[in-house]
Amino acid sequence: MLEAHIKIALIWANDLPDRLQEVSGRSSTVRVGFVFLLILHAVVHIFWFAHAYGWVDLEYFNKVIPPMVGFSWLLAALFFFASAVQLVKGRLNWFHPALIGVLISQMWIFSAWEDTQLGSFVNLLILAGIFIGYSKARFEGLFKEDVQAIFENLRLSQNLLEEQDLEGLPDLVREYIRRSGAVGQPKVENFYLEFDGEMRYQGGAWFGFHSRQYNFIPRPKRLFFMKARVKGISTYGYHSYQPPSAKMTVKALSIYPVVKIDQPEMLRAETVTFLNDLCLFAPGALIDDRILWETLDDYQVKAIFRNRKVQISAVLCFNPEGDLVDFRSEDRYDVGQMKAVPFTTPVKDYREFEGIRVPSYGEATWHYSDGPFVYGKFKLKKLRYNLPEMPPEEDS
């Protein structure tokens with residue numbers, strides 16, 4: 001039976017490249033290499049186990065290995081295999097079995113130090129990966145904890161948006177809401193978004209990212225978490241808008257904070273972003289009585305949004321068909337310069353998500369004195385409305 005398990009493990013390791021093709025699009029070279037390291041270390045431990053039971057003869061062993069030690073090495077191999085599978089699946093807790101495997105492995109490596117000391121070097125490499133993995137899980141865990149805390153106190157009304165709710169809105173906004181398909185649907189009280197896209201900073205190259213965010217409307221909150229790879233380094237970012245506070249933290253390897261901002265200007269900037277999200281992805285929520293409207297011309301309206309002591313405004317631009325095609329605000333702060341810079345988000349490619357028609361592509365642009373600078377390109381991948389609870393963890 002044990003020999004059969006060894007063969008199965010070796011076959012799994014041999015098929016690993018094919019399995020990794022499924023995640024190669026979202027896995028870094030370092031991540032794939034680390035998976036191979038775990039598998040290779042597991043296979044080595046299986047050979048040590050087989051040697052202890054006399055099934056293979058490893059000539060470099062100079063001492064007899066008791067079967068109990070060999071069996072412990074088999075356990076370590078199984079934990080390394082389990083960790084590799086979890087990592088391939090994108091699980092945040094992949095490092096738990098890896099840590100157990102390292103502890104078991106190292107304990108018995110000491111008992112055969114002359115023959116197995118190289119395994120200690122590999123264990124150190126794995127420990128370094130475990131530390132990074134733990135840091136990533138802890139940082140993302142803060143985001144999840146904040147989201148879960150909001151859901152624990154959430155109650156949905158499920159009232160329907162009716163035509164009479166549109167009374168008093170500018171004609172452009174009423175038609176936009178109708179075209180979205182929101183009339184007759186439940187009023188939006190929260191929504192969940194996932195984006196793939198690219199970002200850059202001034203003077204820097206584009207880098208890819210994947211983001212998830214939750215927006216809550218009756219008591220405005222926006223929690224945004226981004227995973228990116230900047231110059232080959234895994235970088236995570238967390239934006240938290242929970243008035244009266246707002247903050248942004250970006251960490252390289254989820255360890256070293258490269259950006260950490262919680263100044264008052266951040267609250268104003270994130271309030272603009274919150275209104276932007278409503279306009280683009282929750283058209284039915286534009287009936288909110290915290291928004292005052294002013295018609296500017298046949299294709300533009302001004303929205304003035306006040307939340308607590310913060311008041312911001314934006315101009316919404318529509319095309320002749322009635323679709324929102326741009327959002328422009330003078331109130332958003334470029335947190336890199338800590339000053340207000342004109343901000344626009346031109347959008348296009350309308351699609352339906354859960355029966356609501358919204359733009360699926362947009363760009364974020366700063367308008368500096370020397371010209372416009374597109375710093376973000378966003379492709380909407382998922383949109384869900386009125387979640388009653390935080391959805392279960394999905395593979396990423």
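Calculation notes
Residues numbered from 1 in each chain as written. Predicted model: local features only at pLDDT ≥ 70, side-chain atom pairs only at ≥ 80, totals over all residues. Heavy atoms only, no water. Pairing = 2+ DSSP bridges. Helix = DSSP H or I, 4+ residues; strand = E, 2+ residues; numbered from the N terminus. Expected span 1.5 Å × (residues − 1). Patch = residues over 30% accessible without salt bridge, like charges linked within 9 Å, V, L, I, M, F, W, Y side chains within 5 Å. Areas by Shrake-Rupley, 256 points an atom, 1.4 Å probe, with all protein chains shown as cover. Salt bridge = Lys/Arg side-chain N within 4 Å of Asp/Glu carboxyl O. Buried < 20%, exposed > 50% of the residue type's maximum accessible area, 1.4 Å probe, protein only. Phe/Tyr/Trp six-rings, centres within 6.5 Å; stacked < 30°, edge-to-face > 60°.

## Some words on the pairing of strand 7 (residues 291-295)
Bridge count for strand 7 against strand 8 (residues 300-307) is five bridges, and the pairing is antiparallel. Paired with Leu292 across the two strands is Ile304, which belongs to strand 8. Adjacent in sequence and paired antiparallel, strand 7 and strand 8 are bridged by four residues.

## Structural notes on helix 4 (residues 67-88)
Along its 22 residues, helix 4 runs 32 Å from first to last C-alpha, staying within 8% of the 32 Å computed at 1.5 Å per residue. Trailing helix 4 by a residue or two, Gly90 shows a phi angle of about 80 degrees, which is positive.

## So, a nonpolar patch on the surface
Together, Phe131, Ile233, Leu253, Ile255, Tyr256 and Val258 make up a nonpolar patch on the protein surface, roughly 550 Å² of accessible area in all. With respect to the secondary-structure elements, Leu253 resides in the loop between strand 5 (245-252) and strand 6 (256-261). For Leu253, a relative accessible area of 32% puts it in the partly exposed group.

## Quick notes on the pattern of salt bridges
For the structure on display, the rule yields 13 salt bridges. Salt-bridge contacts for Asp288 lead to Arg290; the nearest nitrogen and oxygen are separated by 2.6 Å. Taking the relative accessible area as the measure of exposure, Arg290 reaches 21% and is therefore partly exposed. It is possible to trace a salt-bridge network through shared partners that takes in Glu140, Arg212 and Lys227.

## Topic: the packing of aromatic side chains
Under the criterion given, the structure shown has 25 aromatic pairs. Considering the side-chain rings of Phe191 and Tyr385, the 6.4 Å spacing of their centres and the 50 degrees angle between planes classify their relative orientation as tilted. Taken together, the positions of Phe191 in strand 1 (residues 190-199) and Tyr385 in strand 16 (residues 371-385) put the pair 194 residues apart, joining distant regions of the chain. Across the pair, Tyr385 and Phe191 agree in class, each one buried. Ring centres 4.7 Å apart and planes at 45 degrees place the aromatic pair Tyr192 and Tyr214 in the tilted group. You can see Tyr192 sitting in strand 1 and its partner Tyr214 sitting in strand 2 (residues 207-216), a full 22 residues away along the chain. For Tyr192, a relative accessible area of 6% corresponds to the buried category. Residue Tyr214 is classed as buried on the basis of its relative accessible area of 4%. Counting every residue linked through ring pairs, the aromatic cluster contains Phe139, Phe143, Phe151, Tyr192, Tyr214, Phe216, Phe225, Tyr236 and Tyr238.

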